[in-house]
Amino acid sequence: MMRFPIAGFRAIALITTILLAVSATAATADEAQHTASTPAYYRLKLGDLEIVALSDGTRTLNAHQLVNIEPAALDRALAGADQSNPVPTSFNAFLVDTGRRRILIDSGAGSLWGPKLGQLTASLRAAGYGPEQIDEIYLTHLHTDHVGGLMDGDQLRFPNAVVRASQQEADYWLSPAHLNRAADDDKGSFRNAMTSIYPYAAAQHFQTFDGDIELAPGIRAIASGGHTAGHTSYLIESRGQRLLVWGDMLHVAAVQFAAPQATMRFDFDRDLAVATRRQAYAAAARDGYLIAGAHLPFPGLGRVSASAGGYRWIPVNSPRAGAGAEAK
Ligand SMILES: [Zn+2]
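Description of the structure in this document. (Residues numbered from 1 in each chain as written. Predicted model: local features only at pLDDT ≥ 70, side-chain atom pairs only at ≥ 80, totals over all residues. Heavy atoms only, no water.)

Let's talk about the coordination of the zinc ion
Filter applied, for reference: Here a donor is any nitrogen, oxygen or sulfur atom (N, O, S) within 2.8 Å of the metal, with 3.2 Å used for Na, K and Ca; water is not among the atoms considered, so some sites may look incomplete. Under the scheme used here, helices are H or I runs from DSSP no shorter than 4 residues and strands are E runs no shorter than 2 residues, and both carry numbers assigned from the N terminus. For every residue, the accessible area (1.4 Å probe, protein chains only) is compared with the maximum for its type, and the residue is labelled buried under 20%, exposed over 50%, or partly exposed between those bounds.
For the zinc ion, every protein donor is listed as D145 (OD), H146 (NE2), D248 (OD) and H295 (NE2), and the spread of their distances is 2.1 to 2.3 Å. Sequence spacing among the residues donating to the zinc ion works out to D-H-x101-D-x46-H. With a gap of 47 residues between them, D248 in the loop between β15 (241-245) and α7 (253-256) and H295 in the loop between β17 (290-292) and β18 (301-307) connect regions that are remote in the sequence. What makes D248 buried here is its relative accessible area of 4%.

Put into structure tokens, the structure is as follows:
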């Protein structure tokens, strides 16, 4: 088992937001329509901080991997959102620019999940940043679509960054014993986590943390296990404004806001994933803070609102988000 010590700081809480700018740049894509992945970013001011949503691309997801929901109800929910299976799904990462430091949350899939993903660096550059400017990378979990962008071939893509993840998550995915015990179909996830993280560990650029802890002024790690063993959310606060980067709290927005019990077949602990999701939705709806989701439609930023029997997603770039902002 690997142990990597880290330091901690401090934080506090509150709300609101100001929208700064939207921008997206198109790259040459031979793929058609919504299946094309183009670099894109979206900027948001959070108190003194700048938050930049970064697209790693769009890929379809088989929503029929959701369990705890009847297939007919699932298809009705998709149809109600003008969607059908498989569902085009965004893959988002988020940059926090404090003015002095640049912290990236998740790294995309890199080259490990096909040509539709791996746009993170291009999105970062479009937003005006080079990979060498990233000081730290916080991982929500160690699935391939979140760690795969750490490496560029055999080079560290972010040569000056320290990568941080929860100890529990690292213990699970970086364990050769777990790799050996895993089903053949699952071994790739372990190998991808190892090949993405080990070079940073070898360079003394990988650190783990335990549980809920402040990692930087105003940025707190919050254990949110269920999707994976050590899945972690990051609460970012500045001048009374709050944003929770909640990683893979859900995968299919058209279904899982209205039906929080619906959960992915591949969730590490399905019951815990459902409980964690219910708790996260309730808190977000009650307190009104912003949410950033890895697989919510790009830019993956918005708010959660309670609705009859479930919840609703209000994207930050929709007209209703303003009302949501004041609703508290
Ligand atoms: Zn994911």
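Overview of the environment of L117
Locating L117 in the fold gives a position in the loop between β6 (102-105) and α2 (120-126). Considered as a pair, L117 and T58 are 59 residues apart in the sequence and their alpha carbons are 6.5 Å apart.

Some details on the packing of aromatic side chains
As a reminder of what qualifies: Two aromatic rings from Phe, Tyr or Trp, using only the six-membered ring of Trp, form a pair when their centres are within 6.5 Å; if the ring planes differ by under 30 degrees the pair is stacked, by over 60 it is edge-to-face, and anything between is tilted. Any Lys NZ or Arg CZ that is within 6 Å of a ring centre and within 35 degrees of that ring's normal is treated as a charge sitting over the ring.
Within this structure, the stated rule accounts for twelve aromatic pairs. Joined through ring pairs, the aromatic side chains of W246, F257, Y281, Y311 and W313 make up one cluster. Between R59 and the ring centre of W113, over which it is positioned, the NZ or CZ distance is 4.9 Å.

Things to note about the pairing of strand β10 (residues 162-166)
How we decide: By this definition, two strands are paired if DSSP reports at least two bridges between them.
Taken across its five residues, β10 has five buried, putting it largely inside the fold. Relative to β10, strand β7 (residues 136-138) runs parallel, the two sharing three bridges. From the neighbouring strand, I137 faces β10, where its bridge partner is V163. Alignment of β10 against strand β11 (residues 206-209), held across four bridges, turns out to be parallel. Within β11, the residue paired with A165 across the bridge is T208.

Section: the pattern of salt bridges
Stated precisely, the cut-off is as follows: Each salt bridge in this description consists of a side-chain nitrogen of Lys or Arg and a carboxyl oxygen of Asp or Glu lying within 4 Å of one another.
Scanning the model with the defined rule gives eight salt bridges in all. Between R43 and E50 there is a salt bridge, and its shortest N-O distance comes to 3.2 Å. Owing to a relative accessible area of 17%, R43 belongs among the buried residues under this scheme. Where D48 meets R239, a salt bridge forms, and the shortest distance between an N and an O atom there is 2.6 Å. Remark: R239 occurs in the loop between β14 (232-238) and β15 and D48 occurs in the loop between β2 (40-46) and β3 (49-61); sequence separation between them is 191 residues. We classify D48 as partly exposed; its relative accessible area is 44%. Beyond isolated ion pairs, a larger network of salt bridges with shared partners links R101, E136 and R164.

Topic: the sheet that holds β17
Inclusion rule: To obtain an axis, a line is fitted to C-alpha atoms, over the contacting stretch when the element is a helix, and the angle between two such axes runs from 0 to 180 degrees between their N-to-C directions.
Within the open sheet, the seven strands sit side by side as β12-β13-β14-β15-β17-β18-β19. Their pairing is mixed. Because the sheet does not close on itself, it has two edges, and the strands there are β12 (213-216) and β19 (310-315). Averaged over all adjacent pairs, the angle separating strand axes in this sheet is 35 degrees, with direction ignored. As defined by bridge partners, β12 adjoins strand β13 (residues 219-223) across three bridges and the pair is classed as antiparallel.

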